Structure formats: structure tokens, C-alpha cells
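The primary structure of each chain is shown beneath.
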Amino acid sequence: MGIVEEAHNVKILGTGEQVLVLAHGFGTDQSVWKHLVPHLLDEFKVILYDNMGAGTTNPDYFDFSRYSSLEGYAYDLLAILEELQIESCILVGHSVSGMIGAIASISRPDLFSKIVMLSASPRYLNDVDYYGGFEQEDLNQLFEAMQSNYKAWCAGFAPLAVGGDMDSVAVQEFSRTLFNMRPDIALSVAQNIFQSDMRQILRLVTVPCHVLQSGKDLAVPVVVSEYLHQHLGGESIVEVMSSDGHLPQLSSPDIVIPVLLRHIRYDIVV
């Protein structure tokens, strides 16, 4: 196993010809795909990995400068594909990994046959003629809460993000992976993601994109999926699902897994 593979806990499963890469979002790790993976193994070669900063990665490897922008994560994704000698893949990117995949595809469109974006957003802050869902004051309060008592913040944020009560398995699972992150790293990652603005790069994304979105999501309003559809440079398609929350593959697998499989298997017909 190469250095990059080891650092990101890369796992390769399945026997198919087509390579499928699963990339997770903030506060989770590759375990967020546990309901999806069993459906893929006969058909695809599945690559799972953890973004640097996830609780499952070595915090000593987290470079605060490198990961002060999403480009650092995009370089990691490209390094993993290079080390594994992957020539082409389908990327399923959850939340911030949808944008990380978009950035990576701009420099190496040949590596991605398509990107399936789940709960992705190019900007979380509201702006003139743009509704991202948050005001700066909302984010300032979120960051302050993370700094003052990270454990308490995790307990409060998890049910809001997942869209369930504290007793639900999905909320407990997200609470666990969120709390596994080192608090200073979690704050840095959250600041990077929530303050990012990827709107200007969308037109440079030429690979086909499938934009999937929960009907109700604290972090990403439904209008954001339509914004992505209108501004991505290549072909794109949108589907709003009848799921709630920002981690629907964890909280509503019965609804979301069939939709994901359909979009993974089928290409956009122009």
C-alpha cells in the first residue's frame, strides 16, 4: 500500500470493470456509505477513502495551510487516483466532496466519466441574487459554539443536520464520526467549507453531473440544486428526493440508495 493510500485509509472492494469512487462529506468518514456499498460490489470496483481531518485519519497529517481551501482535498483525490493508476472513474461525492470532485475534474476531466453530487453546494452563505441558506451571523455563532464546547455542539448539530431525533441510529452515527474529529481540525474544516464560494468554477466543470438533493436539508436549500444545474459547464441533471436531512444515504437509505444506483448506472441522454 502506498503512502497516500495509507494516509487516507483507502479500501478497494468489488470485482467490476467500472471504477466507482465514494467520497464523504464533513464530519463523517467512509462508513457513511455502509448502506450503499453492498449493492455495488458485483458490478463495480469500489474505492472508499477518508478525507484528511476525518476522525479516522492521523491528525498529524492534517496541514492547516493545505486544507484552508478545497483545492487541498482535490489534490488528495487526484493523488489517490494516480497512486491506484485509475484511468477513469465515476465519482459519488457527498456534500463538500461534490465540490472537491468538481475542482479535481477541471484539471483532469479525463479521470471522471461523471460526478454524482449528493447534497452538494457551491456556497452556503446568502448573497445578492443567491440563496445559500446561511447569513454570516449564523456561521459566526456556529463557529463560536464549536470553539466553546465541541462535544455539546456535536450533540446539538447532529440531529439538525441529519433531520432526526437523538435516538435515531443515523443521528447517533453522525454524532460518533463528528465527535471523532479533533476539535481544532473540525473547526478549521467547517470554516473552510462554510465560507467557501465555488460559484465561479462551475462553468469550468465539463464532465456530466448528476445533482441529487433531499427535499428538506438544513445545510442546502433545494434551490441550490437548481443553481448547480443551471451553472455547471457540462451536461447535468437534477433529482430532488423525498428524503430529509443532509446525510440521506445514512438516514433514508430505503429512499436514497435506489436513486443513487439509478444515477450511478445511467448516463445523461442529451
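Residues numbered from 1 in each chain as written. Predicted model: local features only at pLDDT ≥ 70, side-chain atom pairs only at ≥ 80, totals over all residues. Heavy atoms only, no water.

Where an unreviewed UniProt entry is consulted, the chain appears under the name AB hydrolase-1 domain-containing protein, with the organism given as Manihot esculenta. Per UniProt, the comment on the chain under Sequence similarities (unreviewed entry) is "Belongs to the AB hydrolase superfamily." (UniProt positions renumbered as here; feature names shortened; annotations may be inferred.)

Visitor: Got a sec to walk through helix H5 (residues 150-162)? Specific residues and values, please.
Guide: With 13 residues, H5 ought to run about 18 Å at 1.5 Å a step, and its terminal C-alpha atoms sit 18 Å apart, in line with that. What H5 keeps buried is the set Tyr-150, Trp-153, Cys-154, Phe-157, Ala-158, Pro-159, Ala-161 and Val-162. Structurally, H5 contributes buried residues whose contacts are with helix H4 (136-148), helix H6 (169-179), helix H7 (183-194), strand S7 (236-244) and helix H9 (248-251). After H5 finishes, the residue Gly-163 shows a positive phi value of roughly 85 degrees. (Helix = DSSP H or I, 4+ residues; strand = E, 2+ residues; numbered from the N terminus. Expected span 1.5 Å × (residues − 1). Buried < 20%, exposed > 50% of the residue type's maximum accessible area, 1.4 Å probe, protein only. Contact = heavy atoms within 4.5 Å.)

Visitor: Break down the side chain of Ser-196 for me, citing the residues and quoting the values.
Guide: Relative to the helices and strands, Ser-196 is located in the loop between H7 and strand S6 (209-216). Taking the relative accessible area as the measure of exposure, Ser-196 reaches 10% and is therefore buried. At 2.7 Å, the side chain of Ser-196 forms a polar contact with the backbone oxygen of Ile-193. Discounting chain neighbours no more than four positions away, the residues touching Ser-196 are Leu-70, Pro-122, Arg-123 and Tyr-124. (Polar contact = N/O pair within 3.5 Å; in protein donor to acceptor, adjacent residues only side chain to side chain.)

Visitor: A description of unusual backbone geometry should follow, citing residues and the corresponding values.
Guide: Here Gln-85, not a glycine, exhibits a phi torsion of approximately 60 degrees, which is positive. Looking at where Gln-85 falls in the secondary structure, it is placed in the loop between helix H2 (71-83) and strand S4 (89-94). Of note, Ser-95 is a non-glycine position whose phi angle comes to about 55 degrees, a positive value. Note that Ser-95 resides in the loop between S4 and helix H3 (96-107). On the accessibility criterion, Ser-95 (5% relative accessible area) is buried.

Visitor: Just give me the short version of the side chain of Asp-50, but keep the residues and values in it.
Guide: Within the secondary structure, Asp-50 is located in the loop between strand S3 (44-48) and H2. A polar atom in the side chain of Asp-50 sits 2.9 Å from the side chain of Asn-9. When sequence neighbours within four positions are dropped, the list of residues in contact with Asp-50 reads His-8, Asn-9, His-24, Asp-29, Gln-30, Thr-56 and Thr-57.

Visitor: Break down the pattern of salt bridges for me, citing the residues and quoting the values.
Guide: A full pass over the atoms with the stated rule returns 10 salt bridges. Of the charged contacts, one joins Arg-265 and Glu-43 as a salt bridge, the two residues approaching to 3.0 Å between their closest N and O atoms. With Arg-265 in helix H10 (residues 253-265) and Glu-43 in the loop between strand S2 (18-23) and S3, the pair connects residues that are 222 residues apart, well separated along the chain. For Arg-265, a relative accessible area of 39% puts it in the partly exposed group. Note on Glu-43: relative accessible area 35%, which makes it partly exposed. The salt bridge involving Arg-123 is made with Asp-197; its shortest N-O contact spans 2.9 Å. Placement of the pair is Arg-123 in the loop between strand S5 (112-118) and H4 and Asp-197 in the loop between H7 and S6, with a sequence separation of 74 residues. We classify Arg-123 as buried; its relative accessible area is 14%. Here the salt bridges do not stand alone but share partners, grouping Arg-123, Asp-127, Asp-197 and Arg-199 into one network. (Salt bridge = Lys/Arg side-chain N within 4 Å of Asp/Glu carboxyl O.)

Visitor: Help me get a handle on the pairing of S2, residues and values and all.
Guide: S2 sits mainly inside the fold: five of its six residues count as buried. Examined bridge by bridge, S2 and S3 share five bridges and lie parallel to one another. Within the sheet, the bridge partner assigned to Val-19 lies in S3 and is Lys-45. When S2 meets S4, the two strands line up parallel, connected through four bridges. The residue bridging Leu-22 from the neighbouring strand is Val-92, located in S4. (Pairing = 2+ DSSP bridges.)

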